[in-house]
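# Results of the structural survey
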Amino acid sequence: MVSRRKLLIAGGLLAGGAYVYHRGLRFPRMGFTPPPLANQVRLSNADVSFKGLIVNRSAAPEQPRFRAHEPEPLLTVHGSQAPLTLTIDNIAQHAVLNVQGLPAQLSLDEDIRGLQRTIRLPASVAAEVTLRWEWPDSEQVRFAVIGDSGGLQELDWCLQRAADLNTQFLLHMGDFNYSEGEYDLAIEKFNNAQIPVYVSIGNHDFNQSGLIYQQFLDEIAPLNHSFIIAGSRFTNLDTAADFFPVSTGNRGRLLHSLLQDQTEVSDHVAFSHSPFKDTRPGKDHDIGGGGEIAWLADMLSQLGVEDYLCGHVHRSSEIETHGLRQWIAGEGLGFEDIRNKKKVAQILLGEAQVGKKIQYQWAPLEMPWHLQHSPTHIEKIKKELPASMLEWYRQKTRLAESG
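The following refers to the structure shown.

What counts, and where the lines are drawn
- Residues numbered from 1 in each chain as written.
- Predicted model: local features only at pLDDT ≥ 70, side-chain atom pairs only at ≥ 80, totals over all residues.
- Heavy atoms only, no water.
- Pairing = 2+ DSSP bridges.
- Helix = DSSP H or I, 4+ residues; strand = E, 2+ residues; numbered from the N terminus.
- Axes fitted to C-alpha atoms, helices over the stretch in contact; angles between N-to-C directions.
- Salt bridge = Lys/Arg side-chain N within 4 Å of Asp/Glu carboxyl O.
- Buried < 20%, exposed > 50% of the residue type's maximum accessible area, 1.4 Å probe, protein only.
- Core = buried A, V, L, I, M, F, W, Y, C linked by side-chain atoms within 4.5 Å.
- Contact = heavy atoms within 4.5 Å.

Across the sheet, five strands lie side by side as β5-β6-β8-β11-β10; this open sheet has mixed pairing. Two strands bound the open sheet, and with one partner strand each, they are β5 (53-55) and β10 (109-113). Each strand axis lies, on average, 25° off the axis of its neighbour in the sheet, ignoring direction. With five bridges joining them, strand β8 (residues 84-89) and strand β11 (residues 116-121) adopt antiparallel strand pairing. Within the sheet, the bridge partner assigned to I88 lies in β11 and is R117.

So, about the pattern of salt bridges. This model, assessed by the stated rule, comprises 24 salt bridges. R142 is the salt-bridge partner of E351, the closest N and O atoms lying 3.8 Å from each other. In this pair, E351 is assigned in strand β23 (residues 346-353) and R142 in strand β13 (residues 140-146), connecting sequence segments 209 residues apart. Among the residues examined, R142 registers a relative accessible area of 22% and is labelled partly exposed. E366 is the partner of R161 in a salt bridge, and the nearest nitrogen-oxygen pair spans 3.6 Å. Highlighted residues: R161 in helix α2 (residues 153-164) and E366 in the loop between β24 (359-364) and α9 (375-384), separated in sequence by 205 residues. Judged by its relative accessible area of 12%, R161 is buried.

For the rest of this paragraph, the subject is the nonpolar core. Most often, soluble globular proteins have nonpolar side chains that are buried together. By size, the foremost hydrophobic cluster in this structure holds 45 residues, and its most contacted members are F66, L75, F143, L171, F234 and L309. It is strand β12 (residues 125-134) that contributes the most residues to this core, four residues altogether. With sequence-adjacent residues up to four places away left out, F143 is seen in contact with T167, F169, L171, F234, L309, L348, L349, G350, E351, A352, I358 and Y360. Ranked by size, the runner-up nonpolar core spans 36 residues in total, among them I146, A193, A240 and A345.

Attention now goes to the pairing of strand β4 (residues 46-51). Relative to β4, strand β3 (residues 40-42) runs antiparallel, the two sharing three bridges. For Q40, the partnering residue across the bridge sits in β4 and is S49. The turn linking β3 back onto β4 is made up of three residues.

As structure tokens, then:
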């Protein structure tokens, strides 16, 4: 006979295994996948639900603030018991607010400052009021792709360069945090950019001498999400750390839900931090092992994804791998300029249009020498380049800064 104690242990192990399978483990820095972010919040004078937004958990409770992680987010106020003020970040300047459900005798005030919208409902509202920001010219959009910029002056340039290239949003492939203070700086810069920035979490944003991803969830976006603009679906996937089992967690749930989604699109592109294949000879900066690459490639194939945008590797490249066209756009630090002693770093551009596949092309990053001051440059020069390059780099950036 099996003892009661052994039955309890066996039951506990089964229950624990089922919980791990449902929740999913992340590593390195072993931990459970975080629970899905809430899509509604109870404020002191109203209940609010939303899509394509997060509620900023670092903001003061009496000053509710949200951040968009897709172009046309939706927010619903389920009746307000008093005047209500809401702040929403990362809304394109040309987006137009569509209001439904507001009683005719009431007015709503919207203040636009860069990418930030402040909404004021001046009186209590018994009915449901829905706010949706819509792009008036959403049949065709142009966007930029870059990653691995850190959060210092190099990020400033990447944001400016994307805007100067007449793009309407930037996909950032992660790793905006390489040293102390860069997380806060990057978030401030994202919010003050000229165009919206939709961010995929990088390994340095997820784990840097400890798990630090909560700030990403609190102030930037979910780790996995999907949106449609200009007839194309853009799906952001978390590859900042390995998954076990590979099909679990929020990423697995998102991909399985997309398989059931019958919405017709012209194209479907996935973007993330890590590549399926490191294009540098002998290097292995890729998604990871344990069947994760094979499973993810199969899921993207079932979803009809042909193009995969990523960073992590600090060199631009495009190759066919695992049934995908993989575009690595990880030159946000411009380090290849230093390696080659001339401007070679690139930023990727995409053009989406209803009824057509997305078209991609490379553009020069053209980062000025005097902006290339990230501490990461010194580390990479010492690790990867001849000793003489360190003095060349210091002299080049110093002369550029003074001149």
